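Overview (structure and organization)
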Amino acid sequence: MKSFLEQLSEQRSLTEAEMENAVKHLFSDEISDSEMAAFLIGLKIKGETVDEIIGLVNVMRQYALPFSNQIPNVIDNCGTGGDGSKSFNISTTSAFVMAGAGITVAKHGNRSISSKTGSADVLEHLGVNLNIPSESSEQILNEAGITFLFAPFVHPKVKRIMKVRRDLRIPTIFNLIGPLTNPVNLDYQLLGIYRRDLLEMFAEVLLRLGRKRAVVLNGAGYMDEASLQGENHLVIIDQGTITKKILVPEEVGLPNYTNQDIVGGDAKVNAEILRGILNGEKGARRDTVLLNAGIGIYSAQKADSIEEGIAIAKESIDSGAAKGKLEQLIELSQRYQQEVI
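Heads up: these notes are all about the structure in this document.

Below, the discussion takes up the pattern of salt bridges. Tallied over the full model, the rule gives 19 salt bridges. Two residues, aspartate 51 and arginine 208, come together in a salt bridge whose shortest N-O distance is 2.8 Å. Here the residue aspartate 51 occupies a position in helix H4 (residues 50-62), and arginine 208 occupies one in helix H10 (residues 199-208), the gap between them amounting to 157 residues. Accessibility expressed as a relative area gives 39% for arginine 208, which makes it partly exposed. Among the salt bridges present, the one from glutamate 272 reaches lysine 268, with a minimum N-O distance of 2.9 Å. Residue glutamate 272 and its partner lysine 268 are both found in helix H11 (residues 267-278); the two are separated by 4 residues, about one turn of the helix.

Shown next, in the form of structure tokens:
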């Protein structure tokens, strides 16, 4: 680890292989908390590269709980968080809308870190069992077309690093790479990120990770979700090419709302908001979910345009299919919990 720390202190980037080697040391018991903190700070000060991010992601996925990865055409729509918007759980709600549209969704997520309520918090309040074995998660994904992968359970080796991150109290590379560490081999991805300056870098990462189609976005007001407040900055990866796009609500037939209109609350409040949307409640929250789910449906190659994706998202909600996916996930996760006991 000493050589890697010296390299970072001299502002020299690590290769992908060097980063993999360094991260394996991070996950071992050989280094101290202070060395771990120094490594994370050194990366942050130098500025993380595509090779370094991919090296970290490769090791995170190697050390994750195993999945057979035999399920094709899977998408995740996990975002980085960290935007400070205090919005309700938009991507979690959108995941059920996407699943209701016939898309296979492996939703990767965690409890709240920077927001009031994380995806795990709201799903747990709704009755989803979080702590189930990876083979059960895979069975649920096969049966329901949607599953939730609770990050601390899926990535057990990260526990010690989480303590160091909490002690540092500043963002590090781990605040950015959560959406990239899904243990399922994804063909598609919708990745919201709170830093607009990193959009193209993360698009390059997803291209290197082999996504068939993906969208990296930063919303109006620098949200890690698409917003109806104004301009959304998108970078689209499609069959090996990368293109940039600015998307405004009027372009896809949706009204304008402010980000204040989609503020959420604690897990109980956000669970009620999620259920309300899936039950057909109209307004800013539903329309924001339609926008995000529509982009996700486009990302999964289920639509040829985002506007077509939004129309499919509407049908998923209005037909009751999205709500049905929520109920199915709750029922199956509780069944597998009982089988484990």
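Now for the pairing of strand S4 (residues 188-192). When you tally the buried positions in S4, you get 5 out of 5 residues, the bulk of the element. What you see with S4 is no split at all: Tyr188, Leu190 and Gly192 on one side and Gln189 and Leu191 on the other are buried throughout. Across 2 bridges, strand S1 (residues 74-76) lies against S4 in parallel orientation. Paired with aspartate 76 across the bridge in S4 is glutamine 189. Across 5 bridges, S4 lies against strand S5 (residues 213-218) in parallel orientation. Bridge pairing in S5 places leucine 190 opposite valine 215. Viewed along the sheet, the connection from S4 through H10 into S5 turns out right-handed.

Our focus in this paragraph is the pairing of strand S7 (residues 241-247). Sheet topology note: the strand S6 (residues 232-238)/S7 ladder contains 7 bridges and is antiparallel. Paired with valine 235 across the two strands is lysine 244, which belongs to S7. Joining the antiparallel neighbours S6 and S7 is a turn of 2 residues, in which glutamine 239 adopts a positive phi near 50°.

Let us look at the environment of histidine 125. You can see histidine 125 is positioned in helix H6 (residues 119-126). The spatial distance from the C-alpha of histidine 125 to the C-alpha of glutamate 272 is 9.6 Å, given a sequence separation of 147 residues.

Moving on: helix H7 (residues 134-144). When we look at burial in H7, the residues that qualify are Ser134, Ser136, Ser137, Glu138, Ile140, Leu141 and Ala144. Positive phi shows up at glycine 145, right after H7, with a value of about 80°.

The description of two aromatic rings rests on the distance between their centres and on the angle between their planes. Summed over all chains, the structure comprises 2 aromatic pairs. Ring centres 5.6 Å apart and planes at 50° place the aromatic pair phenylalanine 27 and tyrosine 63 in the tilted group. You can see phenylalanine 27 sitting in the loop between helix H2 (16-26) and helix H3 (33-46) and its partner tyrosine 63 sitting in the loop between H4 and S1, a full 36 residues away along the chain. Looking at phenylalanine 27, the relative accessible area reads 8%, which means it is buried. Judged by its relative accessible area of 29%, tyrosine 63 is partly exposed. Relative to phenylalanine 150, the ring of phenylalanine 148 has its centre 6.5 Å away and its plane inclined at 25°; by these criteria the two rings are stacked. The residues phenylalanine 148 and phenylalanine 150 share a single accessibility class, namely buried. Directly above the aromatic system of tyrosine 63 lies the positively charged group of lysine 157, at a separation of 5.3 Å from the ring centroid. One Lys or Arg, arginine 196, reaches over the ring of tyrosine 222 and ends 4.1 Å from the middle of that ring.

Here is what the cut-offs are and how they apply
- Residues numbered from 1 in each chain as written.
- Predicted model: local features only at pLDDT ≥ 70, side-chain atom pairs only at ≥ 80, totals over all residues.
- Heavy atoms only, no water.
- Salt bridge = Lys/Arg side-chain N within 4 Å of Asp/Glu carboxyl O.
- Helix = DSSP H or I, 4+ residues; strand = E, 2+ residues; numbered from the N terminus.
- Buried < 20%, exposed > 50% of the residue type's maximum accessible area, 1.4 Å probe, protein only.
- Pairing = 2+ DSSP bridges.
- Right-handed = clockwise from strand over helix to strand, strands pointing away.
- Phe/Tyr/Trp six-rings, centres within 6.5 Å; stacked < 30°, edge-to-face > 60°.
- Lys NZ or Arg CZ within 6 Å of the ring centre and 35° of its normal.

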